[in-house]
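Notes for the structure review
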Amino acid sequence: MVTTLTRDDRLKTRASQRHPGRAWTLTILVALCLAVAPAATAGASSLDSTADELFKAGDYAAVTALFRTQPPGEALSKQFLRLSLISYIRLGRTDEALQIYERLVPSGRPHDQALLRPLALGVITSHVRDRKEHVRIAAYTVLAELGLRETAAILEDGLLDSSVLVRARAAEAIGKAGLAQKSGALRRALGDPMPTVRIAAITALGEARATDVIPQFTKIARAEEGPESIFADAALYHMGQTGRLADITGAATLPDVDVRMAAIGILGRLKQPSTLAVLSQAVYDPNPSVRAFAAGALGEFGSPGGVAPLLHAIGDDIAMVRGIAAGSLGKLGLHENRPLLQGLLRDPSWQVRTGAAEGLLRLGDVTALPLVAELARQPDPSVRGAVAQALSVTSDKQAVTMLETLIQDQQPLPRLMAAKALGKNAGTVIPALVNALRDSDEAVRITAAGSVLRQIDRKTAPTRRR
């Protein structure tokens, strides 16, 4: 029989005659490649299948254990990495989850919001039972700002916390999440031993118009003598008892300082034109804290009629009052106030200069940014923190750059305030916030996570409504 050799066969034969060892080696390598490729594919498929089964069974610890058995640097499928990441989140181990996320989304790549959102939420919720009170307060403060219905069980659990501030923040969060109307736990918080918690519960239930508690609020408004009665009046006002406005207005001139401040703060939020005169008069109050409250309330009220009393307040002897008044002038949105604010940039107090800069930035005047940059270099971390707050009202590129610097500050306060400010920014800030999820301070990590959620939910809100 005659065998016909192809050209490739003839070349291989000649090569084997010249270099028999090399030909044998090539044959072995080819055979190994052919044998190993299906085995590797089968192994990856088996790993994914096993992880998927464990994940569906809710055995997240087993999924993470499987992940830890993989050799360092091993190429793993995206599916397996995603399952491992989510498993770590559900176990409350967000540090490990973040490492996997960075493996799935290397630096410079677009962020995966479907993974980043549960990761950020996990950073917050994993600290709600932290042994350190200030960390729990930070977590519930962020939850109160976000108001996420999906955290309902955690929020009600917070009403049982040993910390007064945690309980108060939990009550606020239940209201912000739109859960107050049906929350039995929030109603029980009306009997909390601490007035701060009771007031938070009253406010949340009042804004939710929970009419079943009207008799209880009526009793509080009649029997209590402190700020609690004023908040009960405000709750009843929200539920249609418009006559309560006169009670709140009258309380703004009562002898008790705390009652006056409570009434002034409420009037600023209610924004009823008939009460503007009372707020305007409050900037002349003998107590500086009341005057500061009045200046802030006039800014929240937002009426052009607030300009005259605020002009008085920016001449106050107390820097705190002047600074708040300057910020409130910016909130009124009147561009004719710019010369006044520019003059305050030369005030001897950094509080006033920062307030004036914030006011100008609210009016879209970025000429204040050089002063802000100078304040951002001050050695006092409180000043740098105030700068971050001022920068939160603008999305100017220079402002974003300064915030990205402040979020890497040596002190935690400026980092925390910068992380919070970036959450309000309309620029491309998620990369800086994701980096802050590795911060050495738990409160900064929690705040950054809240800002990540705020950014994601803002961008996806139209889609989610559909």
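The paragraphs below set out a description of the structure included in this document. In this text, all values refer to a predicted model and were calculated from it rather than measured experimentally.

Thoughts on the pattern of salt bridges
Pairing of side chains with opposite charge becomes possible as their charged atoms draw close. Under the counting rule described, the total for this entry stands at 24 salt bridges. Between Arg 129 and Asp 157 there is a salt bridge, with its nearest N and O atoms 3.2 Å apart. Of this pair, Arg 129 sits in the loop between helix H6 (113-125) and helix H7 (133-146) while Asp 157 sits in helix H8 (residues 152-158), and the two are 28 residues apart along the sequence. Among the residues examined, Asp 157 registers a relative accessible area of 28% and is labelled partly exposed. Close ionic contact of Asp 316 with Arg 291 constitutes a salt bridge, the shortest N to O distance being 2.7 Å. With Asp 316 in the loop between helix H18 (307-313) and helix H19 (319-331) and Arg 291 in helix H17 (residues 288-301), this pair connects stretches of sequence that are 25 residues apart. Several salt bridges share partner residues, and in doing so they unite Arg 117, Glu 150 and Asp 457 into one network.

Considerations on helix H23 (residues 381-391)
Buried residues dominate H23, accounting for eight of its eleven residues. Listing the buried residues of H23 in full gives Val 383, Arg 384, Gly 385, Ala 386, Val 387, Ala 388, Ala 390 and Leu 391. If you follow the buried residues of H23, they end up packed against helix H21 (350-362), helix H22 (369-375), helix H24 (397-406) and helix H25 (412-423). The residue sitting at the N-terminus of H23 and contributing the capping side-chain oxygen is Asp 380; that oxygen lies 2.9 Å from the backbone nitrogen of Ser 382.

Details of the packing of aromatic side chains
All chains considered together, the criterion is met by three aromatic pairs. Taking the centre distance of 5.4 Å and the plane angle of 65 degrees together, the rings of Phe 55 and Tyr 60 count as edge-to-face. Relative accessible area serves as the criterion here: at 16%, Phe 55 is assigned to the buried category. For the pair Phe 67 and Phe 80, a centre-to-centre distance of 6.2 Å together with 40 degrees between the ring planes defines the contact as tilted. Here Phe 80 lies in helix H4 (residues 78-90) and Phe 67 lies in helix H3 (residues 60-68), a separation of 13 residues in the sequence. Cluster of aromatic residues (ring-pair linked, three or more members): Phe 67, Phe 80 and Tyr 88.

Here's the deal with unusual backbone geometry
For Arg 209, which is not glycine, the phi dihedral falls at a positive 55 degrees. If you trace the backbone, Arg 209 turns up in the loop between helix H11 (195-207) and helix H12 (214-223). Phi at Lys 271 takes a positive value of approximately 60 degrees, unusual for a residue other than glycine. Among the secondary structure elements, Lys 271 is positioned in the loop between helix H15 (257-270) and helix H16 (276-282).

A few points about the nonpolar core
In terms of nonpolar packing, the biggest core is built from 151 residues, with Ile 124, Phe 217 and Leu 391 touching the most fellow members. Looking at which element gives the most residues to this core, the answer is H7, with nine residues. Not counting residues up to four positions away in its chain, the partners in contact with Leu 391 are Leu 361, Leu 369, Val 372, Ala 399, Met 402, Leu 403 and Leu 406.

Overview of the side chain of Thr 64
Position of Thr 64 among the secondary structure elements: in helix H3. Side-chain polar atoms of Thr 64 contact the backbone oxygen of Ala 61, separated by 2.8 Å.

Digging into the environment of Gly 306
Note that Gly 306 resides in the loop between H17 and H18. Classification of Gly 306 as buried rests on a relative accessible area of 0%. Along the backbone, Gly 306 and Ser 280 are 26 residues apart, and their C-alpha atoms lie at a distance of 6.8 Å. Apart from the residues within four sequence positions on either side, Gly 306 is in contact with Leu 298 and Leu 332.

Overview of H12
Among the residues of H12, those classed as buried are Phe 217, Ile 220 and Ala 221. Angular distribution of buried residues about the axis of H12 spans 95 degrees; they occupy a single face of the element. Exposed side of H12, more than 90 degrees from the buried face: Pro 215, Lys 219, Arg 222 and Ala 223 are the residues found there. Each element contacted by the buried residues of H12 is listed here: H11, helix H13 (227-238) and helix H14 (244-251).

Let's talk about the packing of H7 against helix H9 (residues 164-176)
Contact geometry of H7 with H9 gives a least axis separation of 7 Å together with a crossing angle of 15 degrees. As the angle between them shows, H7 and H9 are arranged roughly parallel. Judged by the sense of rotation from one axis to the other, the crossing of H7 with H9 is left-handed. Residues Arg 136, Ile 137, Tyr 140, Thr 141, Leu 143, Ala 144, Glu 145 and Leu 146 of H7 form the contact with H9, whose own contacting residues are Leu 165, Val 166, Arg 169, Ala 170, Glu 172, Ala 173 and Lys 176. Looking at the contact of H7 with H9 residue by residue, the classes come out as nine nonpolar, one polar and five charged.

Concerning the side chain of Asn 337
Looking at where Asn 337 falls in the secondary structure, it is placed in the loop between H19 and helix H20 (338-344). Look at Asn 337 and you get buried, because its relative accessible area is 3%. If near-sequence neighbours (up to four positions away) are discounted, Asn 337 is found in contact with Val 307 and Leu 329.

With respect to the packing of H21 against H23
With their axes 9 Å apart at the nearest point, H21 and H23 run at an angle of 15 degrees to one another. Relative to H23, the element H21 is oriented roughly parallel. Crossing geometry of H21 relative to H23 is assigned as right-handed. For the pair formed by H21 and H23, the contact residues are Trp 350, Thr 354, Glu 358 and Leu 361 on the first element and Ser 382, Val 383, Ala 386, Val 387, Gln 389, Ala 390 and Leu 391 on the second. Per-class residue counts for the contact of H21 with H23 are seven nonpolar, three polar and one charged.

Conventions adopted
- Residues numbered from 1 in each chain as written.
- Predicted model: local features only at pLDDT ≥ 70, side-chain atom pairs only at ≥ 80, totals over all residues.
- Heavy atoms only, no water.
- Salt bridge = Lys/Arg side-chain N within 4 Å of Asp/Glu carboxyl O.
- Helix = DSSP H or I, 4+ residues; strand = E, 2+ residues; numbered from the N terminus.
- Buried < 20%, exposed > 50% of the residue type's maximum accessible area, 1.4 Å probe, protein only.
- Contact = heavy atoms within 4.5 Å.
- Polar contact = N/O pair within 3.5 Å; in protein donor to acceptor, adjacent residues only side chain to side chain.
- Phe/Tyr/Trp six-rings, centres within 6.5 Å; stacked < 30°, edge-to-face > 60°.
- Core = buried A, V, L, I, M, F, W, Y, C linked by side-chain atoms within 4.5 Å.
- Arc of directions from axis to C-beta.
- Axes fitted to C-alpha atoms, helices over the stretch in contact; angles between N-to-C directions.
- Parallel < 35°, antiparallel > 145°, perpendicular 65-115°, else oblique.
- Left-handed = near helix turned anticlockwise from the far one by under 90°.
- Nonpolar A, V, L, I, M, F, W, Y, C, P; charged D, E, K, R; others polar.

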